Each structure stands twice: as structure tokens, then as C-alpha cells.
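Listed below are the residues making up each chain.
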Amino acid sequence: MADSNTNQHQTSDAKILGHNYDGIREYDNPMPAWWTGLFWGTILFSVPYFIYFHFGVGATLQQDYELEVGVFVEAQSAALGDIKPEEQTILSLVSDPKLKMGASVMFRSNCAICHGPEGGGRTGPNLTDDSYINIKKVEDIFSILKTGVVAKGMPEWGNRFSDPQLILLASYVASLRGTKPAEAKEVQGTPVAPWPAVTAPTKASPTESGTNSGATSGAKPGDAPAMPATSKTSANQSPQSATSLTGV
């Protein structure tokens, strides 16, 4: 009974606000001071946070994403070792699911702005049909990526990406041929004969390279130990936005 009387006394002493809604009146019960302070603190904190990440030196979400993509693609291409831009290599690399995933991430992050996420073409040409502007054989894709076609707006990317990265990207571009993108640009250039059929990759995938590198099991006495693959990939390299294959 004592508790009930105390609650009734506190209720009767509480200030009642002046408004009335269909006979319903409201007591003036302010929020706790800690809650009000936390609320205003988050508002004040949001101002420098917004300025730092959107107008200052803080990395944006896009920049963080591109950095992560760069690390992933670099790891994939570094594991390939010192590969050469040969027909068999270019056509077989993306037969490995992990390599294809890495190449697709690189393509979408750098090339999709000009060629579409599926390679159907935007400002750059369609990469899914059988016609090309400056390509006669599959090795030319690597050459176009590395040296560019300045007259057509295609920059030289050899000074920003390593050869293994460009070979991996060329392999993915070659694999787009014959696919059916949702949006496809009109045919440009001259028809090119189909790519030759390939049987198996010439290089071990990243998941296999750690096992095969330097392995000497089963070697005969006097045989030289297997040498681990080397990589030309630089730790400072990262994918660049708006990579264009215009002129392919």
C-alpha cells in the first residue's frame, strides 16, 4: 500500500502538458539526461565524420573497394608466375574458376564503365561478338591492353599493370566472345576467325602453385630441385577506374 500511495503522489505532482487530444492528456516526462546527451553527441559527431570521408582525406567506400580488389587480383596474378602472353595461356587461364573470378572482378572494376559489366559495350566496343577493330588473333588483346590505341581513346595500361595481370584480363576478355549480354552494342570492326580450341591450362592455378612450387618428391638422385615461380607483380599496383578497351 505504501508503494501505491507513493506512486499516486508522484503522479499527482507531475506537470501535465497543456494540449488535449480527445480527452487524453500527457504528463511532462523528459528523457533521461544520458539519452539526450548521447543523441546530441551523435549529431555533432556526424558533421566532422561526413566532412572527413566525403570532402577530406578519408577513403570513400569506392576507394576501399578498389583497394581490396587490387589486393585480390594482385594475389591471383602473382601466383601465376612469369607467364607469357601466348595463345594457349590466354585461352586457358579462365578455365580455372578462381582465376576467372579474379579476372571478372578486375574487369568489372576497371572496364565495365566503357564496355558494360557483361562486355556488351558502351562508349567502348562490344566484346561479345565476333568482330574486332584492332584484333586479328587472341594475342592482340594483350597487346592492346598493354600499349593502348591512343587515337581511339584507349590508354596504355602497361605502365600500371603487370604482365600477368594483363594476361589474366586478356584471358577474361577473350572468354566474353560468344556470350549473350543483356545489352549489346552494334557490331564494329571486322569478323575474326573463332579462337582455337584449348585442352588444359599451361600454368598451375594459385591453389596448386603452393603445392607444386619447389616440390622434389619422386626426384631421382642428382636431379636439380624444382624452382619456385617468380612474379613481376608490384605491391604498389592496384586496379584503375575507367579502364577502356576502346579500339579492341
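Conventions and cut-offs
Residues numbered from 1 in each chain as written. Predicted model: local features only at pLDDT ≥ 70, side-chain atom pairs only at ≥ 80, totals over all residues. Heavy atoms only, no water. Helix = DSSP H or I, 4+ residues; strand = E, 2+ residues; numbered from the N terminus. Contact = heavy atoms within 4.5 Å. Areas by Shrake-Rupley, 256 points an atom, 1.4 Å probe, with all protein chains shown as cover. Pairing = 2+ DSSP bridges. Core = buried A, V, L, I, M, F, W, Y, C linked by side-chain atoms within 4.5 Å. Buried < 20%, exposed > 50% of the residue type's maximum accessible area, 1.4 Å probe, protein only. Axes fitted to C-alpha atoms, helices over the stretch in contact; angles between N-to-C directions. Parallel < 35°, antiparallel > 145°, perpendicular 65-115°, else oblique. Left-handed = near helix turned anticlockwise from the far one by under 90°. Nonpolar A, V, L, I, M, F, W, Y, C, P; charged D, E, K, R; others polar. Polar contact = N/O pair within 3.5 Å; in protein donor to acceptor, adjacent residues only side chain to side chain. Salt bridge = Lys/Arg side-chain N within 4 Å of Asp/Glu carboxyl O.

(A) The overall build of the protein, seen in detail. For the protein, the helix and strand inventory stands at nine helices and four strands. Scanning the protein from its N terminus toward the C terminus, one meets helices and strands in the order α-β-β-α-α-α-α-α-β-α-α-β-α. Relative to all contacts within the protein whose residues are 6 or more apart in sequence, the contacts with residues 24 or more apart total 71%. Within the structure as shown, the protein displays about 15,200 Å² of accessible surface, and the carbon and sulfur contribution to it stands at 58%.

(B) Just the pairing of strand S2 (residues 24-27), in detail. In this sheet, S2 lies alongside strand S1 (residues 16-21) in antiparallel orientation, the contact comprising three bridges. The residue bridging Ile16 from the neighbouring strand is Tyr27, located in S2.

(C) Layout of the nonpolar core. Within the largest apolar cluster, 36 residues are counted, with the highest numbers of intra-cluster contacts made by Phe107, Ile141 and Trp195. Residue assignment for this core shows that the elements contributing at least two residues are helix H3 (61-78), helix H4 (87-92), helix H5 (97-110), helix H7 (139-147) and helix H8 (163-175). The greatest single-element share of this core, amounting to eight residues, is contributed by H8. Setting aside chain neighbours within four positions, we find Trp195 in contact with Leu91, Tyr132, Ile135, Lys137, Val138, Ile141, Ala174 and Arg177.

(D) Highlighting the packing of H7 against H8. Interhelical geometry of H7 versus H8 gives an angle of 130 degrees and a closest axis separation of 9 Å. Put simply, H7 runs oblique to H8. Crossing of H7 over H8 shows right-handed handedness. In contact with Ile141, Phe142, Leu145 and Lys146 of H7, H8 contributes Asp163, Leu166, Ile167, Leu169, Ala170, Val173 and Ala174. A class-by-class count of the residues in the contact of H7 with H8 yields nine nonpolar, no polar and two charged.

(E) How the structure looks around the side chain of Asn126. Mapped onto the elements, Asn126 comes out in the loop between helix H6 (112-115) and strand S3 (131-132). The exposure class of Asn126 is buried, given its relative accessible area of 5%. Reaching out from Asn126, the side chain makes a polar contact with the side chain of Thr128 at a distance of 2.6 Å. Excluding residues within four positions of it along the chain, Asn126 makes contact with Gly119, Gly120, Gly121, Ser131, Ala184, Lys185, Glu186 and Gln188.

(F) Highlighting the pattern of salt bridges. Evaluation of the coordinates by the stated rule reveals four salt bridges. The partner of Asp130 in a salt bridge is Arg177, with the nearest N and O atoms 2.8 Å apart. Placement of the pair is Asp130 in the loop between H6 and S3 and Arg177 in the loop between H8 and strand S4 (190-191), with a sequence separation of 47 residues. One salt bridge in this structure joins Asp140 and Lys137, with 3.3 Å as the shortest N-O distance. Judged by its relative accessible area of 13%, Asp140 falls in the buried class.

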